[in-house]
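# Close look at the chain arrangement
Chain by chain, the residues run as shown.
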Amino acid sequence: MATATAVTPRPTTRRAAKARNVTVTDPALVRRAVKAAALGNAMEWFDFGVYSYIAVTLGKVFFPSGNPTAQLLSTFGAFAAAFLVRPLGGMVFGPLGDRIGRQKVLALTMIMMAAGTFAIGLIPSYSVIGVGAPLLLLAARLVQGFSTGGEYAGASTFIAEYAPDKKRGFFGSWLEFGTLAGYIGGAGLVTLMTALLSSDDLLSWGWRIPFLIAGPMGIIGLYLRMRLEETPAFAAQLEKAEARPKVPLRDMVAGQWKALLICMGLVLVFNVTDYMLLSYMPSYLTSELKYDETHGLLVVLGVMALMMIVQPFAGALTDRVGRRPVIAAGCAGFLLLSIPALLLIRQGSLLAVGLGMAALGLLLVCFTAAMPAALPALFPTRVRYGSLSIGFNVSVSLFGGTTPLVVTALIGATGNMMMPAYYMMAAAVVGGFAVWRMSESAGRPLPGSAPSIEGS
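Residues numbered from 1 in each chain as written. Predicted model: local features only at pLDDT ≥ 70, side-chain atom pairs only at ≥ 80, totals over all residues. Heavy atoms only, no water.

### Considering the overall build of the protein
Within the protein, the regular secondary structure consists of 21 helices and three strands. A compact globule built from 456 residues should have a C-alpha radius of gyration of about 23 Å, and the protein, at 21 Å, falls within 12% of that. Counting only C-alpha atoms, the protein reaches 70 × 45 × 40 Å along its principal axes. Restricting the contact set of the protein to residue pairs at least 6 apart, pairs at least 24 apart contribute 85%. (Helix = DSSP H or I, 4+ residues; strand = E, 2+ residues; numbered from the N terminus. Rg over C-alpha atoms; globule rule 2.2 N^0.38 Å. Contact = heavy atoms within 4.5 Å.)

### Examining the side chain of Arg-102
Among the secondary structure elements, Arg-102 is positioned in helix H5 (residues 102–120). The class for Arg-102 is buried, based on a relative accessible area of 0%. Once residues within four sequence positions are removed from consideration, Arg-102 is found in contact with Gly-97, Thr-157, Phe-158, Glu-161, Glu-230, Thr-231, Phe-234, Thr-381, Arg-384 and Tyr-385. (Buried < 20%, exposed > 50% of the residue type's maximum accessible area, 1.4 Å probe, protein only.)

### Some points on the packing of H5 against helix H12 (residues 214–226)
Where H5 meets H12, the closest approach of the two axes is 9 Å, and the angle between their N-to-C directions is 175°. Taken together, the axes of H5 and H12 lie roughly antiparallel to each other. In contact with Gln-103, Leu-106, Ala-107, Thr-109, Met-110, Ile-111, Ala-114, Thr-117 and Phe-118 of H5, H12 contributes Ala-214, Gly-215, Gly-218, Gly-221, Leu-222, Arg-225 and Met-226. Among the residues making up the contact of H5 with H12, the classes are represented as nine nonpolar, six polar and one charged. (Axes fitted to C-alpha atoms, helices over the stretch in contact; angles between N-to-C directions. Parallel < 35°, antiparallel > 145°, perpendicular 65-115°, else oblique. Nonpolar A, V, L, I, M, F, W, Y, C, P; charged D, E, K, R; others polar.)

### A few points about the packing of aromatic side chains
Evaluated as defined, the whole model comprises twelve aromatic pairs. Among the aromatic residues, those joined into a cluster by ring pairs are Phe-170, Phe-171, Trp-174 and Phe-177. Taking NZ or CZ as reference, Arg-437 lies 5.4 Å from the ring centre of Trp-436, over its face. (Phe/Tyr/Trp six-rings, centres within 6.5 Å; stacked < 30°, edge-to-face > 60°. Lys NZ or Arg CZ within 6 Å of the ring centre and 35° of its normal.)

### A look at the packing of helix H20 (residues 403–414) against helix H21 (residues 419–437)
Running from N to C, H20 and H21 cross one another at 130°; their axes reach a closest spacing of 9 Å. As summarised for this structure, H20 and H21 are arranged oblique, according to the angle between their axes. Crossing angle aside, the handedness with which H20 passes H21 is right-handed. Contacts from Thr-403, Val-406, Val-407, Leu-410, Ile-411 and Thr-414 of H20 reach H21 at Met-419, Pro-420 and Tyr-423. Across the contact of H20 with H21, the residue classes break down as seven nonpolar, two polar and no charged. (Left-handed = near helix turned anticlockwise from the far one by under 90°.)

### Description of the side chain of Ser-395
Relative to the assigned elements, Ser-395 resides in helix H19 (residues 384–400). Apart from residues no more than four positions distant in its own chain, Ser-395 is found in contact with Met-264, Val-267, Leu-268 and Gly-400.

### Some words on the environment of Tyr-422
Tracing the sequence through the fold places Tyr-422 in helix H21. Take Tyr-422: its relative accessible area is 38%, and that puts it in the partly exposed class. Discounting residues that sit within four places of it in the chain, Tyr-422 has contacts with Ile-339 and Asn-416.

### A word on the nonpolar core
In this structure, Leu-266, Ile-327, Phe-367 and Leu-375 are the most contacted members of the largest nonpolar core, which totals 112 residues. Here this core gets 18 residues from one element, more than from any other, and that element is helix H15 (residues 257–288). (Core = buried A, V, L, I, M, F, W, Y, C linked by side-chain atoms within 4.5 Å.)

### What about the pattern of salt bridges?
Under the criterion given, the structure shown has seven salt bridges. A salt bridge links Arg-384 to Glu-161; its shortest N-O distance comes to 2.7 Å. Placement of the pair is Arg-384 in helix H19 and Glu-161 in helix H8 (residues 151–162), with a sequence separation of 223 residues. A relative accessible area of 0% means that Arg-384 is categorised as buried. Take Glu-161: its relative accessible area is 5%, and that puts it in the buried class. Residues joined by salt bridges that share partners form a network here, namely Asp-98, Arg-102, Glu-161 and Arg-384. (Salt bridge = Lys/Arg side-chain N within 4 Å of Asp/Glu carboxyl O.)

Scope: geometric values only; no functional claims are made or implied.
Written out as structure tokens, the structure is:
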């Protein structure tokens, strides 16, 4: 009987064993894997949170225009550019993760993410080096985008393959807990700096601080990931193959085209609503509704804190009732409530904005709690990292990451301030169709893997 061990295992720390075609997981090892994966995700979204929440300042630093809307569009353009290379990163890191292992690739993406973010904090402003400043910003964003092409798919695959079948939703939800923690950390730091620093200080040097923090964060995350073993599912696949598996890219795409389309539909609604609420809405409150910048950030921080509290419970709920009902509820909610929620937000009072944002945040939890477990379950072990990386990143690049840029441009072209609601509703329709076509995976083994149960 084969044993589900790690690649080059450490005898003193190896905890997963496979007996009678069942993988028995060690809870301590699973928790350690979840922490390492979630921390990397937190660092990625710390950067996204900082970039989004300080977008107005970055526009003034890097782009030479007296038009605030043009500066904001330029800043979000650089933000969106990183998403254009994410599919390339997915096509490189995904197949590599299916060949050499999830742990090694996740360590590599951590190094690249930290380096790209740290580099932004060192770039001179446009007033110092001219056009070189936005070009260097774009280069750093491209490095970040390329590395993140392998991050989310790898982290969700890593947790899914470690977690026992009946708790995959609960453990997977901690990946998005890391996302929210990163957002809160980035947004909270920007809010604190906005409150404590003058506008001149923030513009001249204060904006650099959040990006420079990525250096130490990356070192910590790399240390945690290097201490982890390979997942039992990949180790068993490797042992069965008796060689490093090499799956052609066409098998990851053409051989999985139905699952890829479902994946892209799910990722579309997940990321359009995610980026709309957590990345775009702070700028919407400030630039479009002329809302007080500090108060607007505090409202969004409060909504994210509420989402963090609910997140693990919602993840556990997906283990009991299934991923499909929870995701479907989120799609229906965004279809029916996007307009009422945005109308509340547009009223401008603190209570109305808070209620509208909280409604959207709780609907978003339906996706953040279910997707980290649902998406890896669409693909078999031998192509899971690669196929998920491709499907996830193509959808994010085309729809999710471009959300702030597209919605800002639509509002500018039409003058219709309800565009964010219409955009989320359209995404909900696509997501609902994907949910209709997907199979339920809660409580079941991952495709191509043995059943996994929790050890004592």
